[in-house]
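Structural description and commentary
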Amino acid sequence: MRRDEALAVLRRSIRRADIVVAVYQALFDWLALGPRDLDYVSTGAMGQASTHGLGLALACPERRVIVFDGDGSLLMNLGSLATVADARPANFWHFVFFNGTYEVNGAHPIPAARHVDFPAMALACGYRGAFQFDDVDRLEAGLPAALAASGPLLIELRVEPGKVSPRDYEYIHSAEARSRFRKALNSGVVTDRPSPR
Amino acid sequence: MKTTAKNYAGSAIIAQLKAAEIKFVAAVPDIVTSDGLLWPIAGDPDIRLLRISREAEGIPICAAMSYNGTRAIVLMQQTGLMDTLNEVRAIAIDYRLPIVMMVGLQGKEDDCLPEFSGSYGVRVVIPVLCAMELPFSLIEHAEHISVIRRQIDWGYRRSRPHVILLGQSPELP
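Now for a look at the structure at hand. (Residues numbered from 1 in each chain as written. Chains lettered and ligands numbered in written order. Predicted model: local features only at pLDDT ≥ 70, side-chain atom pairs only at ≥ 80, totals over all residues. Heavy atoms only, no water.)

Within chain A, the regular secondary structure consists of nine helices and eight strands. Viewed in the frame of its principal axes, chain A has a C-alpha envelope of about 45 × 35 × 30 Å. The buried share of chain A, reckoned over its 197 residues, is 55%. Here the contacts in chain A between residues at least 6 apart in sequence split such that 75% fall between residues at least 24 apart. (Helix = DSSP H or I, 4+ residues; strand = E, 2+ residues; numbered from the N terminus. Buried < 20%, exposed > 50% of the residue type's maximum accessible area, 1.4 Å probe, protein only. Contact = heavy atoms within 4.5 Å.)

Here is the structure:
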């Protein structure tokens with residue numbers, strides 16, 4: 001499954017009030033679909049998507065928090081699986097885009113790429129559930145059930161790059177991006193309408 | 001340089017945290033603060049303790065919470081602070097976010113200031129904070145405790161990080 005195809009499927013299931021925390025190429029490809037005010041793009045240090053998401057999930061229990069993590073990123077912060085599981089945020093969905101490489105850093109392979117099993121690790125740490133999809137049709141069919149279940153959930157997406165979007169690092173680290181998110185988060189608007197396509 | 005040790009109670013620190021409207025404490029256990037502070041926080045109904053796997057996790061947790069004004073601190077030992085400097089640099093300093101870190105100084109002698117400690121790991125903490133341009137406060141005596149609330153308020157009002165160094169092991173009430 002191509003990453004851009006997977007993101008297009010996810011886009012259709014994201015609500016206006018949802019917070020999306022994304023990192024690296026998944027973030028840039030997500031922004032290419034049209035930036036949302038509640039896209040949390042300034043994660044700063046590699047590996048911390050899940051813990052940014054945890055902070056948001058606990059501080060904003062009325063919203064769904066959707067994390068788009070990378071395989072290399074999550075390997076850098078594997079202990080966060082236990083931290084998230086211990087905190088038990090019901091509004092936390094942890095998507096991991098697995099392509100087996102550090103894509104934006106020269107496409108070097110991640111260690112043990114053929115063996116690493118994030119769904120198994122998440123379940124072993126105490127996530128409420130875990131899924132794996134490697135086909136866009138199966139993702140489309142299975143996503144509603146995954147999003148209807150109570151978190152924390154891990155959903156691994158086996159992807160290949162697909163169309164690669166420009167990497168606008170200046171924007172994701174900008175004060176403007178953080179200000180935009182803060183303003184949207186505190187606007188008081190919490191609706192369940194899906195995002196426009 | 002010598003200092004006159006006069007330990008303070010963990011309950012006084014917790015009172016300061018509550019006065020500063022801290023709702024979450026993200027912590028890795030530290031022997032300096034374990035009995036007098038961390039265990040009491042674990043049993044306190046007004047503060048939620050998040051048991052994190054690594055100190056660096058606490059920085060993004062506090063950062064993310066700050067976006068809607070939810071106040072939190074990271075509680076750790078100076079070894080954890082040293083391990084988390086990149087997250088502090090990227091998220092707290094570069095992004096100018098109100099990350100408050102409370103740090104127990106494991107190995108510091110009771111009767112001297114950190115920069116004069118016989119422990120290298122303690123002695124370098126303040127120089128490292130200065131090099132990173134990180135504002136900090138040192139709590140050595142009970143009279144210093146009121147600084148905690150003021151500095152947390154300052155950090156959140158100005159959206160800036162602050163490190164609170166605990167020079168003594170907090171005592172049980």
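Now, onward.
All names here are of chain A. If you walk across this open sheet you meet the six strands as E2-E1-E3-E4-E8-E7, and the pairing is parallel. For this open sheet the edge positions go to strand E2 (39–40) and strand E7 (129–133), each flanked by a neighbour on one side alone. Here strand E3 (residues 65–70) runs beside strand E4 (residues 92–98); their pairing, made up of six bridges, is parallel. In the sheet register, Phe68 faces E4, and the bridge partner there is Phe95. (Pairing = 2+ DSSP bridges.)

Take the sheet that holds strand E2 (residues 48–51) of chain B next. Residue and element names in this part refer to chain B. Here six strands make up an open sheet; going across it, the order is E2-E1-E3-E4-E6-E5 and the pairing parallel. Each edge of the open sheet is held by one strand with a lone partner, namely E2 and strand E5 (136–139). Pairs of neighbouring strands in the sheet enclose a mean axial angle of 20°, with direction left out of account. In terms of strand pairing, strand E4 (residues 100–104) meets strand E6 (residues 162–166) through five bridges, oriented parallel. (Axes fitted to C-alpha atoms, helices over the stretch in contact; angles between N-to-C directions.)

So, on to helix H2 (residues 24–32) of chain A. All names here are of chain A. Extensive coverage of H2 is indicated by the burial of seven of its nine residues. Summarising the contacts, the buried residues of H2 are in contact with helix H1 (3–13), strand E1 (19–22), E2, E3, E4 and helix H8 (169–172). Two residues or fewer after H2 comes Gly34, characterised by a positive phi angle close to 120°.

Attention shifts here to the pairing of strand E1 (residues 22–27) of chain B. Regular strands place side chains that alternate from one sheet face to the opposite one. The buried count for E1 of chain B comes to five of six residues, which makes it a mostly enclosed element. In this view, the connection linking E1 of chain B to its parallel neighbour E2 of chain B by way of helix H2 (residues 34–42) of chain B has right-handed handedness. (Right-handed = clockwise from strand over helix to strand, strands pointing away.)

Among the nonpolar cores identified, the biggest contains 65 residues, and Ile19 and Tyr40 of chain A together with Met101 of chain B are the most heavily contacted of them. Setting aside its immediate chain neighbours within four residues, Met101 of chain B contacts Ile59, Val74, Met76, Leu81, Val88, Leu134, Pro161, His162, Val163 and Ile164 of chain B. If you look at the next biggest cluster of nonpolar residues, it comprises 31 residues, including Met1, Leu10, Phe97 and Val159 of chain A. (Core = buried A, V, L, I, M, F, W, Y, C linked by side-chain atoms within 4.5 Å.)

Okay, the interface of chain B and chain A next. Each partner contributes to the interface: chain B provides 24 residues, whereas chain A provides 29 residues. Counting every contact that joins chain B to chain A gives zero salt bridges. On the surface where chain B and chain A come into contact, there are 10 residue pairs in polar contact (both at pLDDT 80 or more). Taken together, the elements giving at least two residues each to the side of chain B that touches chain A come down to E2, helix H3 (55–66) and helix H5 (85–94) of chain B. Here the side of chain B that touches chain A is built from residues that sort into 14 nonpolar, four polar and six charged. (Salt bridge = Lys/Arg side-chain N within 4 Å of Asp/Glu carboxyl O. Polar contact = N/O pair within 3.5 Å; in protein donor to acceptor, adjacent residues only side chain to side chain. Nonpolar A, V, L, I, M, F, W, Y, C, P; charged D, E, K, R; others polar.)

In this section: the packing of H1 of chain A against helix H7 (residues 136–148) of chain A. Residues and elements named next belong to chain A. At their nearest, the axes of H1 and H7 sit 10 Å apart, and the two run at 35° to each other. Judged by the twist between their axes, the crossing of H1 over H7 is right-handed. Between H1 and H7, the residues in contact are Glu5, Ala6, Val9, Leu10, Arg12 and Ser13 and Val136, Leu139, Glu140, Leu143 and Leu147, respectively. Split by residue class, the contact of H1 with H7 holds seven nonpolar, one polar and three charged. (Left-handed = near helix turned anticlockwise from the far one by under 90°.)

The relative placement of two packed helices is expressed as an angle between their axes plus a distance between the axes. Residue and element names in this part refer to chain B. At a closest axis distance of 8 Å, the pairing of helix H1 (residues 10–19) and H2 adopts a crossing angle of 50°. Taken together, the axis directions place H1 and H2 in an arrangement best described as oblique. The two elements H1 and H2 meet at a crossing, and its hand is right-handed. Within the contact between the two elements, H1 uses Gly10, Ser11, Ile13, Ile14 and Leu17 and H2 uses Gly36, Leu37, Pro40 and Ile41. Looking at the contact of H1 with H2 residue by residue, the class counts come to six nonpolar, three polar and no charged. (Parallel < 35°, antiparallel > 145°, perpendicular 65-115°, else oblique.)

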